[in-house]
Amino acid sequence: MLAVRLRRNGSAGAISADLAVPRSHAHTILAKGGTGYKRPRQFSGFLPFVCEVAMRGLLMSGCLVAAGLTAGMAFAAEPAPLRESLTLHADFDGGFDAGFARGDKRIHTATTLMRTDGQPGQRRPEVVLVPNGGRHGDSLRFQKTSPLVIYYPAARNIDWRPDDWSGTLSLWLKLSVPDELPPDYADPIQITDKKWDDASFFFDFSKDERPRHFRFGVFSDFKVWNPANTPWEKIAVKDRPMIVHENPPFQKTRWTHLVATWSHYNTGRPDAEARMYVDGQLHGTLKGKQTLSWDPDKTAIMLGIAYVGEFDELSLFDRALSAEEVRQLHELPTGVGALYR
Ligand SMILES: [Ca+2]
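Residues numbered from 1 in each chain as written. Predicted model: local features only at pLDDT ≥ 70, side-chain atom pairs only at ≥ 80, totals over all residues.

Description of the overall build of the protein
Stage number 1. The helix and strand inventory of the protein stands at five helices and 21 strands.
Stage number 2. Burial status across the protein gives 34% buried among its 341 residues.
Stage number 3. Pairs at least 24 apart in sequence give 65% of the contacts found in the protein among residues at least 6 apart. (Helix = DSSP H or I, 4+ residues; strand = E, 2+ residues; numbered from the N terminus. Buried ≥ 20, exposed ≤ 12 C-beta atoms within 10 Å, placed from the backbone. Contact = placed C-beta atoms within 7 Å.)

Following this line, the structure appears as structure tokens:
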């Protein structure tokens, strides 16, 4: 019969409580008044005193337990710090392997996009580190394209879940799109266990438009997003599962920050949502049910597919960061490495 409602007040995290009790007990408990607590009424005499003490002890115990439970729930609802949500970070400072990884931190190379012969090691000779050329520290430079594929295994490096899956992808690029980028589609990153249009995420550059569009593609299982098997060219642009930037700000002389978040994937519900942020600002949103069925052991975080340009600060998180957190990420003075070193 005791109801306790607790609130977190302000940034100091102070707890306040409203107590509601049956009217018959109202005379025996501490009640909120003014800036503190006071007893509104008291009985006189020994028996009422004993009853009051007993009741106060009981109610205070109940209040403390309820306060602890409710406060615990309130704090549990707070997002985890960025460092606790990080699942992978590759800064390319002095090496190709990730600096932080919940899974395998080693970069791998395969001879095809299907990666059936992938092995640890960086075996694309035209992919080099640029000392002190990065957004922070060194960077990765794709000097020309190659049929070889470099990637990080996705298992545990992305917190993929078969139900209610959320996450964040963050990276920085630097390039002159008209002067450097090859004429075909170019994917600085693509994450899938199959192919680009079947349970896949990617950032890519379109090939036909001028200026070339930069896009965050979100492709559910092929049979989910394209059950009629409609040819890609016949799908209207507005119906394609992508967030598109038609005039992206890439330059040869400055780094551009790209972030994608996704939330409530693999629920079967329509409240799933993806967002793309460019240089810390929300650029677009893609709403609607998404189902990406992965075999985590076959999924790969592939870098630089048909891409030429620079790349730095690859980060993945196990939840969808808020707009404010994306801004914080954008402004980290020495990069994501400072979160865990
Ligand atoms: Ca770096």
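This is not the end of the story, as more comes after the structure.
Thoughts on the pairing of strand β19 (residues 281–287)
Stage number 1. As paired strands, strand β18 (residues 273–278) and β19 are joined by six bridges and run antiparallel to one another. By the bridge assignment, A274 is partnered in β19 with L286.
Stage number 2. Turn length for the β18-β19 hairpin, with the two strands adjacent in sequence and antiparallel, is two residues, and the turn residue D279 shows positive phi of about 50 degrees. (Pairing = 2+ DSSP bridges.)

Remarks on the confidence of the model for the protein
Stage number 1. Of the residues in the protein, 77% reach a pLDDT of 70 or more, and the chain-wide mean stands at 84.
Stage number 2. Scored below 50 in pLDDT, residues 1–55 makes 52 contacts in the model with residues more than four places away or belonging to other chains.
Stage number 3. Throughout residues 57–75 the model reports pLDDT below 50, and contacts reaching past four residues in sequence, or to other chains, amount to 15 contacts. (pLDDT = per-residue confidence, 0-100.)

Brief notes about the nonpolar core
Stage number 1. Counting residues in hydrophobic clusters, the biggest one holds 71 residues, and the most contacted among them are Y151, L171, I189, F216, I301 and M302.
Stage number 2. Excluding anything up to four places from it in sequence, M302 contacts V149, Y151, I189 and Q190. (Core = buried A, V, L, I, M, F, W, Y, C linked by C-beta atoms within 7 Å.)

Concerning the environment of D159
Stage number 1. For D159, the location among the structural elements is in the loop between β11 (149–153) and β12 (165–174).
Stage number 2. Sequence separation between D159 and G103 is 56 residues; the distance between their C-alpha atoms is 9.9 Å.
Stage number 3. In contact with D159, other than residues within four places in its own chain, are T87, G167 and D318.

As for the sheet that holds strand β16 (residues 242–245)
Stage number 1. Pairing is antiparallel across the open sheet formed by eight strands, whose spatial order is β8-β7-β11-β20-β13-β14-β15-β16. The open sheet has two free edges, formed respectively by β8 (119–120) and β16, since each of these has just one partner strand.
Stage number 2. Two strands pair when backbone bridges link them, and strand β13 (residues 186–195) and strand β20 (residues 300–305) are joined in this way by five bridges, in the antiparallel orientation. Note on β20: the bridge partner recorded for I191 is I301.

Focus on the environment of Y185
Stage number 1. For Y185, the location among the structural elements is in the loop between α3 (177–180) and β13.
Stage number 2. Residue class for Y185 comes out partly exposed when judged on the 18 C-beta atoms lying within 10 Å of it.
Stage number 3. In the structure, Y185 is positioned 19 residues away from D204 in sequence and 6.8 Å away in space, judged by C-alpha atoms.
Stage number 4. Apart from the residues within four sequence positions on either side, Y185 is in contact with D204, F205, S206, K207 and A306.

Some points on unusual backbone geometry
Stage number 1. P211 follows R210 through a cis peptide bond whose omega is -5 degrees.
Stage number 2. Following the sequence through the fold, P211 ends up in the loop between β14 (198–205) and β15 (214–219).
Stage number 3. In this model, R115 sits at a positive phi of 60 degrees, which is unusual for a non-glycine residue.
Stage number 4. Residue R115 is classed as partly exposed on the basis of its 19 C-beta neighbours within 10 Å.
Stage number 5. Backbone geometry at N266 places phi at a positive 60 degrees, although glycine is not the residue there.
Stage number 6. Taking the number of C-beta atoms within 10 Å as the measure of exposure, N266 has 20 and is therefore buried.

As for the environment of P147
Stage number 1. Along the chain, P147 falls in the loop between β10 (139–142) and β11.
Stage number 2. The exposure class assigned to P147 is exposed, which follows from the 11 C-beta atoms found within 10 Å.
Stage number 3. For the pair P147 and T111, spaced 36 residues apart in the sequence, the C-alpha separation amounts to 6.5 Å.
Stage number 4. Filtering out sequence-adjacent residues up to four positions away, P147 remains in contact with T111 and T112.

Observations regarding the pairing of strand β5 (residues 86–90)
Stage number 1. Burial analysis of β5 places five of its five residues in the buried class, the great majority of the element.
Stage number 2. Across four bridges, the pairing between β5 and strand β21 (residues 309–317) is antiparallel. Along β21, the bridge assignment pairs L88 with L316.

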